Amino acid sequence: MSARIARSSPAEGTSPTPPVVLAIAATDSGGGAGLAADLATLSALGVHGTLVVTAITAQDTTGVHLVHPVPASVVAAQLEAVLGDLPPLVVKTGMLGTADTVRLVADRCTGIPLVVDPVLRATTGAELADHEVLHAYRHHLLPVATVITPNASEARALLGLDPGDPTPAPELAAALAALGPAVVLTGGPSTALGVGTNSAAEFAEIGTNTESTDHCTDWLATGGRPVALTHPTVQVADERPENRGATRNDHGTGCTFASAVAARLAHGADLPTAARDAAAYVTTQLQRSSTWDLGTGRGPIAHTHAHPAPAPEEIYA
Ligand SMILES: Nc1ncnc2c1ncn2[C@@H]1O[C@H](COP(=O)(O)OP(=O)(O)OP(=O)(O)O)[C@@H](O)[C@H]1O
Ligand SMILES: Cc1ncc(COP(=O)(O)O)c(N)n1
């Protein structure tokens, strides 16, 4: 009779079964954002990541050169395969690509804890969602999401506000929470300056704004008064002379953040703890990659903590 190994007490040299998180997002051929960021982050935080590919992008550190959406029937087949065999504790969505896919995900993931990063635009400027996608987010996905993690410009778009609307970040977070989900409105350094994007051109336009960027503030709204979650900023290179020597490797911060929230939730953390832990992770990882020299544009945030990589003799010992 063969002995059954108890999952709760793994034998020496093995590890306990990790929780499963499903990442539904697009690929970034440069490995900075999208599914590459999601899976690496999930793995670094002790989670088995399964995946559904919604679109393929030809992308590098300089920009998005092509977007090829995956047909809804192929997205559906991936969803069926994973949901049936490897039931996730948490689902995390990134770039969904088409309105059909947004509706499909809403339909199939209702009832599972759902972290929605509403990716509408790349750091490098490309639009990654059209009006139909936005409409599907508002009417189908937001009502079934557990938590959404927009930045300020994504929040304004989801609320149907103009890009230049001056509503302060906590009020944007509260207005979105009124639609159903909890909200972590992410606040990279650009949000502290009053804009919701990292674009260098916009930094230049608001160059006279003197508000401090030493700290980033994410706003957590769960129905009541939004709570400020503040952590130190890793200075990012932009048009301002004092930041010229700072890191340019911030591509993929939003994907890394939302995946870290999903990982912490899957390990049993409550939402405020998961949001704080995820921000701490992003800060550490931005610092870690601050000296990297990858590509000629916005390089990637470090997704895992295995840098520098251990020597092969350490791995294969
Ligand atoms: N330079 C920074 N230093 C420290 N934390 C940062 C920095 N930039 C972003 N963050 C943190 O990273 C997390 C993700 O926020 P961010 O605003 O970058 O999301 P995003 O704009 O959706 O990202 P992306 O454009 O990559 O999708 C938040 O916790 C935010 O505070
Ligand atoms: C496939 C994919 N998913 C998400 C993003 C957003 O990330 P970022 O804002 O860092 O460009 C992206 N550029 N590409």
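Keep in mind the model is a prediction, meaning the values are calculated, not measured. (Residues numbered from 1 in each chain as written. Chains lettered and ligands numbered in written order. Predicted model: local features only at pLDDT ≥ 70, side-chain atom pairs only at ≥ 80, totals over all residues. Heavy atoms only, no water.)

Draft legend 1. Local environment of the pairing of strand 3 (residues 64-69). The pairing of strand 2 (residues 48-59) with strand 3 spans five bridges and is antiparallel. The residue of strand 3 that forms the bridge with Ile-56 is His-68. Counting the residues that bridge the hairpin from strand 2 to strand 3 gives four residues. (Pairing = 2+ DSSP bridges. Helix = DSSP H or I, 4+ residues; strand = E, 2+ residues; numbered from the N terminus.)

Draft legend 2. Broad picture of the side chain of Thr-256. Inspection of the secondary structure assignment puts Thr-256 in helix 9 (residues 253-266). When its relative accessible area of 0% is taken as the criterion, Thr-256 is described as buried. The residues contacting Thr-256, other than those within four sequence positions of it, are Ala-37, Thr-41, Tyr-281, Val-282, Ile-301 and His-303. (Buried < 20%, exposed > 50% of the residue type's maximum accessible area, 1.4 Å probe, protein only. Contact = heavy atoms within 4.5 Å.)

Draft legend 3. Spatial organisation of the site of ligand 1. By nearness alone, 22 residues border ligand 1, and Asn-151, Asp-218, Val-234, Thr-253 and Gly-254 come closest of all. Val-234 places a main-chain nitrogen or oxygen 2.7 Å from a nitrogen atom of ligand 1. Coverage of ligand 1 by the protein amounts to 95% of the 620 Å² it exposes when considered alone. Put simply, the parts of the chain that give the shell around ligand 1 at least two residues each are strand 8 (215-221), strand 9 (227-232), helix 9 and helix 10 (271-288). Classifying every residue of the shell around ligand 1 gives nine nonpolar, 11 polar and two charged. (Near = heavy atom within 4 Å. Polar contact = N/O pair within 3.5 Å; in protein donor to acceptor, adjacent residues only side chain to side chain. Areas by Shrake-Rupley, 256 points an atom, 1.4 Å probe, with all protein chains shown as cover. Nonpolar A, V, L, I, M, F, W, Y, C, P; charged D, E, K, R; others polar.)

Draft legend 4. Here's a closer look at the site of ligand 2. In the vicinity of ligand 2 there are 14 residues, among which Thr-27, Gln-59, Thr-123, His-251 and Gly-252 approach most closely. Side-chain polar atom of Thr-123 to an oxygen atom of ligand 2: 2.7 Å apart, as the coordinates give it. Within the side chain of His-251, an N or O atom sits 3.2 Å from an oxygen atom of ligand 2. Protein burial of ligand 2: of its 360 Å² of free accessible surface, 92% is covered by the chains. Grouping the amino acids of the shell around ligand 2 by side-chain chemistry returns seven nonpolar, six polar and one charged.

Draft legend 5. Region of interest: the environment of Arg-248. Note on placement: Arg-248 falls in the loop between strand 9 and helix 9. A relative accessible area of 26% means that Arg-248 is categorised as partly exposed. In this structure, the C-alpha to C-alpha distance between Arg-248 and Pro-300, residues 52 residues apart in sequence, is 8.4 Å. Setting aside chain neighbours within four positions, we find Arg-248 in contact with Ala-237, Asp-293, Leu-294, Gly-295, Thr-296, Gly-297, Arg-298 and Gly-299. Of note is the side chain of Arg-248, whose polar atom sits 3.2 Å from the side chain of Asp-293.

Draft legend 6. How the structure looks around the nonpolar core. Core analysis: the largest hydrophobic core is formed by 73 residues, its most contacted members being Ile-24, Leu-79, Tyr-137 and Leu-141. Broken down by element, this core gets its largest block of residues, eight residues, from helix 10. Residue contacts for Tyr-137: discarding those within four places in its chain leaves Gly-94, Leu-96, Val-102, Val-116, Asp-117, Pro-118, Val-119, Leu-120, Leu-142, Pro-143 and Leu-158. Core analysis: the next-biggest nonpolar cluster, separate from the first, contains seven residues, Ala-26, Ala-55, Met-95 and Leu-128 among them. (Core = buried A, V, L, I, M, F, W, Y, C linked by side-chain atoms within 4.5 Å.)

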